[in-house]
Amino acid sequence: MRIVFMWLLLLSASLCRAELTIEITQGVDNPTAIAVVPFRWQGRALPEDLAAIISQDLRRSGQFSPLANKDMLAFPQDQADVYYRDWRILGSEFLLLGNLELVDERYQLTFELYDVLLQKKVMRQTVDGDKAQLRDLAHFVSDKVYEFITGIRGAFSTQMIYVEALGGNKLYRLMLADVDGAREKVLLESKQPLMSPSWSPDGKSVAYVSFETGRPAIFRQQIATAERQQLTNFKGLNGAPVWSPDGDKLALVLSKDGNPEIYTLDLVSGVFNRVTKHFAIDTEPNWTIDGKGIVFTSDRGGKPQIYQVTLASGRVERLTFEGDYNARARISPDGKSLVMVHRNNGVFHIAAQDMVSGDIRVLTETHLDESPSIAPNGAMLMYATKYQGKGILAAVSLDAGVKFRLPSKLGDVREPSWSPYF
Amino acid sequence: MLSKAIKQGLGLALAMAVLAGCSTTDHNAEADAAAAAERAAAAQAAAAADRAALNAQAEAAAKLDTVFYFEFDSSVINAESRATLLTHAEQLKSSGASVRLEGHADERGTREYNMALGERRANAVRDFLTLQGVSRSMMESISYGEEYPAVVGSGDSSYAQNRRVELK
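Residues numbered from 1 in each chain as written. Chains lettered and ligands numbered in written order. Predicted model: local features only at pLDDT ≥ 70, side-chain atom pairs only at ≥ 80, totals over all residues.

Observations concerning the overall build of chain B
Line of reasoning, step 1. A count of helices and strands for chain B gives five helices and four strands.
Line of reasoning, step 2. Listed N to C, the secondary structure of chain B is α-α-β-α-β-α-β-α-β in terms of helices and strands.
Line of reasoning, step 3. A sequence separation of at least 24 residues applies to 74% of the contacts in chain B between residues at least 6 apart. (Helix = DSSP H or I, 4+ residues; strand = E, 2+ residues; numbered from the N terminus. Contact = placed C-beta atoms within 7 Å.)

Side note on the interface of chain B and chain A
Line of reasoning, step 1. Counting residues at the interface gives 18 residues for chain B, matched by 28 residues for chain A.
Line of reasoning, step 2. Of all the elements in the fold, those that place two or more residues in the side of chain B that touches chain A are α4 (111-131) and β3 (139-145) of chain B.
Line of reasoning, step 3. With seven residues, α4(B) is the single largest residue contributor to the side of chain B that touches chain A.
Line of reasoning, step 4. In terms of residue class, the side of chain B that touches chain A is made up of seven nonpolar, four polar and seven charged. (Nonpolar A, V, L, I, M, F, W, Y, C, P; charged D, E, K, R; others polar.)

Regarding the pairing of strand β23 (residues 337-344) of chain A
Residues and elements named next belong to chain A.
Line of reasoning, step 1. For β23, the buried fraction is high: six of the eight residues fall into the buried class.
Line of reasoning, step 2. Two elements, strand β22 (residues 326-331) and β23, share four bridges in a ladder whose sense is antiparallel. Across the sheet, residue Arg330 finds its bridge partner in β23, namely Val339.
Line of reasoning, step 3. Linkage of β22 to β23, two consecutive antiparallel strands, is achieved through a turn of five residues, within which Gly335 is found at a positive phi near 75°.
Line of reasoning, step 4. Note that β23 and strand β24 (residues 347-354) share eight bridges and pair antiparallel. Paired with Val341 across the bridge in β24 is Ile350. (Buried ≥ 20, exposed ≤ 12 C-beta atoms within 10 Å, placed from the backbone. Pairing = 2+ DSSP bridges.)

Side note on the packing of helix α2 (residues 50-60) of chain A against helix α4 (residues 134-150) of chain A
Residue and element names in this part refer to chain A.
Line of reasoning, step 1. Packing of α2 against α4 leaves a shortest axis separation of 9 Å and a crossing angle of 45°. Judged by the inter-axis angle, α2 sits oblique to α4. In the packing of α2 onto α4, the handedness of the crossing is right-handed. Here α2 contributes Leu50, Ile53, Ile54, Asp57 and Leu58 to the contact with α4, which in turn contributes Leu134, Arg135, Leu137, Ala138, His139, Val141, Ser142, Val145 and Tyr146. (Axes fitted to C-alpha atoms, helices over the stretch in contact; angles between N-to-C directions. Parallel < 35°, antiparallel > 145°, perpendicular 65-115°, else oblique. Left-handed = near helix turned anticlockwise from the far one by under 90°.)

Structure below.
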């Protein structure tokens, strides 16, 4: 099996060192014990430690507790070296072995997953890639192991886009990175604010707000080529772009009529359609999973709350009733949860509301939390918060059992947007 | 500044008088020269007074607040701001200058909602000035939401200084 990351090849020239580091703050109560044995490799020293990357991926999911290398009794290289009893004594439920070889200038990785209790090999697969794709090979293995054991598709190979502000808002950067914070790359730099990045569903483009013209305007940018296009230039607000599930439209906010209203923009015809008609603030649209409706924030009831509009009929329904500030909703991929910024006792947290029962549960314990963005597998969400006076990104599982933060070593980071599957 | 200008004017007149005194022309000419010197001094003094008045006006305008503050999630202009904005309205009407109204929010809450809030605040100031007779075409509202805090830091006093509209 051969994975070809065309877009990554295009980017690889300007990849830079990771500027985000992971700190895990909380995991599930009974994580699966797994031993990821250092992989066999007989060539010169590699820039990446694949087994370590896989261990970190699995640990960060909160669902696994990988065994430290120093606690391993042996480093088996293939099935003949595996003594199940040793691993059972160490408490490991699963064992992962790997063999990396250079074949025709490409790195070929064969990995094997063993079930220690069943005493058998349960998976074996081979992938290859070039030197710039070593981390991709590791994330690929993480995805496979995670899916085999949890039954949920892994999202370790996905990426995120976020905004970084440097020098006290003197310089803004639109950043692309792996979801573990590695391989950061600058997509755009501006002395004026950049805001509200949103991935297209095909993972090839990003829409965002830039103030480079002296006013807010919405742009679309091809991630691989950096080719960009200004989509709006109206008087007043031009904000909060989000792609429709089919990728043909953007929902966005314009205040050219006097106050902020939700619009859709057909990206093929260029036609704008006004969706909301109300003198209050209507903003922060997000499409429903079927693309037939849009949820949005409105203060038409006096305080910001989440509403849903059905596009065909224009009918508006209020979705949130608990708390006096609910804003910027995102719908989970299974359509079952509404994730949003929720003020509770004066503190802003991320909360999830059950779409059927309406029950709200607060997911985060940090404060000034905002901009939740859900992973394509629905297992976790990334959000922006403050930590030691700086804007950082943090993640939490949708059941609130797993939490970690990605502190930035440089500027203030904010507004994460989790990519779709590629 | 005024007294300095008068002194300069008087000094000049005195110098002219001395020059006139040194000359060998007749009394009429001398009297004419003295009168001219007096007129010159008076004109100088008047010009200096005008300049001083203009300076005072400019100073007052510079002292006039150009930043107006708001409560959380509110775009209501307070009484103090209204009084200052009335003076701004008069100045804008007489000068015909255009003005940019930049709306800001504190860091609490969501970024795009805060963009809307910043615009609502800027528009509240615009509408107030419009009612006072300032031409709407001379004003532009721009919201920066929470992107440009005036004061960095999390706390009520920082927040209060960041919820604002700036006239530029």
